[in-house]
Amino acid sequence: MKVQSEKPALECLYRGFKAQSWGRAVLAALFLYTAPCILPAASTAADKWPGVDETVVEKYAKEHGRQAREPLINTDQGDLLLFVFLLAGTIGGFAAGYYWRILMSEKVKKTEKEK
Amino acid sequence: MHISEGILPWNWALLWFVVAMPFAGYGLYRLKKLSNEDLSFKPLVGVMAAVVFIISCMPIPVPTAGTCSHPCGTGISGILLGPAISILITAAALLIQALFLAHGGLSTWGADIVSMGVVGSFAGYFTFKALRAVKINMAVAGFMAGLLADWATYLTTSAELASGIRGDSPFLPLFWKIVIAFMPTQLPLGILEGAITSGMVVLLYKKRPDLLVKMGVV
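Residues numbered from 1 in each chain as written. Chains lettered and ligands numbered in written order. Predicted model: local features only at pLDDT ≥ 70, side-chain atom pairs only at ≥ 80, totals over all residues.

J.: I'd like a description of the overall build of chain B, backed by residues and values.
T.: When its secondary structure is counted, chain B shows 8 helices and 2 strands. Listing every helix and strand of chain B by position from the N terminus yields α-α-β-β-α-α-α-α-α-α. In terms of overall dimensions, chain B is globule-like: its C-alpha atoms have a radius of gyration of 17 Å, near the 17 Å expected for 218 residues. Along the three orthogonal principal directions, the C-alpha set of chain B runs to about 55 × 40 × 30 Å. Counting across all 218 residues of chain B, residues that qualify as buried make up 56%. Look at the contacts in chain B between residues 6 or more apart in sequence, and 75% of them connect residues 24 or more apart. (Helix = DSSP H or I, 4+ residues; strand = E, 2+ residues; numbered from the N terminus. Rg over C-alpha atoms; globule rule 2.2 N^0.38 Å. Buried ≥ 20, exposed ≤ 12 C-beta atoms within 10 Å, placed from the backbone. Contact = placed C-beta atoms within 7 Å.)

J.: Hey, could you go over the interface of chain B and chain A for me, with residue numbers and the actual values?
T.: Taken together, the contact pairs 47 residues of chain B with 51 residues of chain A. Residue contributions to the side of chain B that touches chain A peak at 9 residues, all from helix α7 (residues 171-207) of chain B.

J.: Account for α7 of chain B, with residues named and values stated.
T.: Taking 1.5 Å as the rise per residue, α7 of chain B with 37 residues should run 54 Å; its terminal C-alpha atoms sit only 47 Å apart, a clear shortfall. The largest bend in α7 of chain B comes to about 55°, at Met183 of chain B, with the proline Pro184 of chain B one to four residues further on. (Expected span 1.5 Å × (residues − 1). Bend = angle between axes of the 7 residues up to and from the residue.)

J.: Any chance you could break down the nonpolar core for me, citing the residues and the numbers?
T.: Here is a general trend for soluble globular proteins: nonpolar side chains tend to be buried in one another's company. In terms of nonpolar packing, the biggest core is built from 78 residues, with Met48 and Ile113 of chain B touching the most fellow members. The contacts of Ile113 of chain B, once residues within four sequence positions are left out, are Ala20, Ala24, Ile87, Thr90, Ala91, Leu94 and Val118 of chain B. (Core = buried A, V, L, I, M, F, W, Y, C linked by C-beta atoms within 7 Å.)

J.: Which residues make up the packing of helix α4 (residues 83-100) of chain B against helix α5 (residues 109-133) of chain B, and what values do they have?
T.: All names here are of chain B. Contact geometry of α4 with α5 gives a least axis separation of 9 Å together with a crossing angle of 145°. Every pair of crossing elements has a handedness; the one defined by α4 and α5 is right-handed. In this structure, α4 contributes Pro83, Ser86, Ile87, Thr90, Ala91, Leu94, Leu95 and Ala98 to the contact, and α5 contributes Trp109, Asp112, Ile113, Met116, Gly117, Val118, Ser121, Phe122 and Tyr125. Among the residues forming the contact of α4 with α5, the class breakdown is 12 nonpolar, 4 polar and 1 charged. (Axes fitted to C-alpha atoms, helices over the stretch in contact; angles between N-to-C directions. Left-handed = near helix turned anticlockwise from the far one by under 90°. Nonpolar A, V, L, I, M, F, W, Y, C, P; charged D, E, K, R; others polar.)

J.: Report on the packing of helix α3 (residues 74-81) of chain B against helix α6 (residues 138-165) of chain B, specifying residues and quantitative values.
T.: For any two helices packed against each other, one specifies the crossing angle of their axes together with the interaxial distance. Residues and elements named next belong to chain B. Interhelical geometry of α3 versus α6 gives an angle of 125° and a closest axis separation of 8 Å. Here α3 is positioned oblique relative to α6, judged by the angle of their axes. You can see that α3 and α6 cross each other, and the crossing is right-handed. Taking contact as the criterion, the partners of Thr74, Gly75, Ile76, Gly78 and Ile79 in α3 are, on α6, Gly142, Ala145, Gly146, Ala149, Asp150 and Thr153. For the contact of α3 with α6, the residue count by class is 4 nonpolar, 6 polar and 1 charged. (Parallel < 35°, antiparallel > 145°, perpendicular 65-115°, else oblique.)

Laid out in structure tokens, this is it:
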């Protein structure tokens, strides 16, 4: 019985690694840049993080004499906004999942027809 | 990038509304036309509408800047559905956010559609098409499209805000001041949006290459 050499397998592994190394390097660089944004330990911020709508848009508008008005339906009261966000996320997530399933089941139907 | 209710003077708010409406109208026309031709395209519109809505109201904290902000999602919808329909679904998402989520406003709806919908969708679409035309890898083209769509949106918001609130002060210094204020948050978030866009384009290409061919993406 012929014993297979380990060399081709190692070579394949090396070539595969080499081909992917650029991609990995780019991913690693992106991770290093964005990691401080998601790691709380790197935080230098205050306890509450306001949105840029407040810290940039409303701040500069105020400096130039323009104030934000109360929205038509003001849900920014207590925990109401949190609840509305949760509701919107749930409905949006359900819709995304529902249509995604339709998209993928179409693929199954198509492949069955082709057979 | 949501400009809150009342921030823009009425004449500027009206101008952006007038600019935005023909794009949204054309989006509606394209949606009807494509739906009449092929019903199987509707689920993709449904997925993208949900994705744009969720992504554009999902606050992501950026501790290094001490603030939080959101990606836009219009890069990916611009690539997959074309800019016109992408603008339409963005307009719908922004209207719901202005009405129920205290994000943006009804008077500033037009300005928000122009920055996120029109500029974001076209920036994503043209970047992807241009990079694919010179045979750039799909993942890289998707990444750059998402990144530039995000940054272009915030540049437009800066221009809209600076032109609306400047009064007698010169436009450019205020515009750059706002752009620089956005940078610490939007530079990393743009990269994140690029990664999301790239991942979604590649995932859809792997799962439903026929759909991307039909939509003219590849």
